[in-house]
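Take a look at the letters that make up each chain.
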Amino acid sequence: MSRLSPPTRKALLTLHLVTSLGWLGVDLVLLALGVAVLRGADPAAVYPISALVGTVLFAPLSVAVWLVGVASALLTPWGLLRHRWVLVKFLLTTVMTGLVLFQLAPTLRHAGEVGAAFPVRDRIDLVVAPSVSTTLLIVATVLSTYKPWGRLRRATGTPARRPTTAAAR
């Protein structure tokens, strides 16, 4: 692990915050668009916007958050495998990024292409997915704020040895 200078570390933290807040903001926009359709807005007008937001903003931001988060973990004293809260955030972000790239983005693109023909039974998924994602992003924020659970045990190659005394021999 290399140590960063304080200004560089703060710049990396700022980039992580900005990308994470952008991801949360886009998530809330997708949630609002999904709810709008459920409340009667024209899917032929809303779903192409959702597809554009999902592919141009949401997918790239999710990758950016993941990359900046990994860089922050590896280049700062927190480490990726030193603290449980960092590991949990990494796992949450990895799962969410995978779901965005391989599940939600293709679904949004499909909804954008078919518009009003997007099945009614699938429209609820475009509300549930951003709701779950928003909740998980809030959980990640709480983890970053409170830093619970302490450190992970350090993996060592050899077990710790007890000092021996002459009387113990």
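Presented here is an overview of the structure given in this document. (Residues numbered from 1 in each chain as written. Predicted model: local features only at pLDDT ≥ 70, side-chain atom pairs only at ≥ 80, totals over all residues. Heavy atoms only, no water.)

Quick look at the overall build of the protein chain now. If you tally the helices and strands in the protein chain, you get five helices and zero strands. Counting from the amino terminus, helix and strand elements in the protein chain follow one another as α-α-α-α-α. Evaluated residue by residue, the protein chain yields a buried proportion of 33% over its 169 residues. Pairs at least 24 residues apart make up 79% of the contacts formed inside the protein chain by residues separated by at least 6 positions. Of the roughly 10,400 Å² of accessible surface on the protein chain, a fraction of 68% belongs to carbon and sulfur atoms. (Helix = DSSP H or I, 4+ residues; strand = E, 2+ residues; numbered from the N terminus. Buried < 20%, exposed > 50% of the residue type's maximum accessible area, 1.4 Å probe, protein only. Contact = heavy atoms within 4.5 Å. Areas by Shrake-Rupley, 256 points an atom, 1.4 Å probe, with all protein chains shown as cover.)

You can see Arg123 is positioned in helix 4 (residues 120-123). Counting along the chain gives twelve residues from Arg123 to Ala111, while the straight-line C-alpha distance between them is 8.7 Å. If near-sequence neighbours (up to four positions away) are discounted, Arg123 is found in contact with Val37, Leu38, Pro43, Tyr47, Gly115, Ala116 and Phe118. Among the polar contacts made by the side chain of Arg123, one reaches the main-chain carbonyl oxygen of Ala116 at a distance of 2.8 Å. (Polar contact = N/O pair within 3.5 Å; in protein donor to acceptor, adjacent residues only side chain to side chain.)

Our focus in this paragraph is unusual backbone geometry. With a phi angle near 50°, Lys147 is a residue other than glycine that sits in the positive phi range. Along the chain, Lys147 falls in the segment after helix 5 (125-146).

Let us look at helix 5. The α-helix winds at 3.6 residues per turn, so residues separated by three or four positions along the chain end up facing the same way. With 22 residues, helix 5 should reach 32 Å at 1.5 Å per residue; the first-to-last C-alpha distance of 31 Å fits that figure. Those residues of helix 5 not exposed but buried are Leu126, Val127, Pro130, Ser133, Thr134, Leu137, Ala140 and Leu143. Those residues of helix 5 hidden inside the fold are in contact with helix 1 (6-38), helix 2 (43-75), helix 3 (84-114) and helix 4. Among the residues trailing helix 5, Lys147 stands out with phi positive, at a value near 50°. (Expected span 1.5 Å × (residues − 1).)

This brings us to the nonpolar core. Of all hydrophobic cores here, the largest spans 20 residues; its most connected members are Trp23, Val26, Leu30, Tyr47, Phe58 and Leu126. For this core, the secondary-structure elements that each account for two or more residues are helix 1, helix 2, helix 3 and helix 5. Broken down by element, this core gets its largest block of residues, seven residues, from helix 2. In this structure, Phe58 is in contact with Trp23, Val26, Asp27, Leu30, Val53, Val100, Leu104 and Ser133, ignoring residues within four places of it in sequence. Membership of the second largest hydrophobic core comes to six residues, among which are Ala73, Trp85, Val86 and Leu92. (Core = buried A, V, L, I, M, F, W, Y, C linked by side-chain atoms within 4.5 Å.)

Our focus in this paragraph is the packing of aromatic side chains. In the structure shown here, the tally under the stated rule is four aromatic pairs. The cationic tip of Lys147 hangs over the ring face of Trp85; the distance from NZ or CZ to the ring centre is 5.0 Å. (Phe/Tyr/Trp six-rings, centres within 6.5 Å; stacked < 30°, edge-to-face > 60°. Lys NZ or Arg CZ within 6 Å of the ring centre and 35° of its normal.)

Attention now moves to helix 2. In a regular helix each residue adds 1.5 Å, so 33 residues correspond to 48 Å; helix 2 covers 45 Å between its end C-alpha atoms and thus fits that length. A bend of about 40° at Gly54 is the largest found in helix 2. (Bend = angle between axes of the 7 residues up to and from the residue.)

Turning our attention to the side chain of Ser72. Among the secondary structure elements, Ser72 is positioned in helix 2. On the basis of relative accessibility, which here comes to 14%, the residue Ser72 falls in the buried class. Ser72 has contacts with Leu12 and His16, leaving out every residue within four places of it along the chain.

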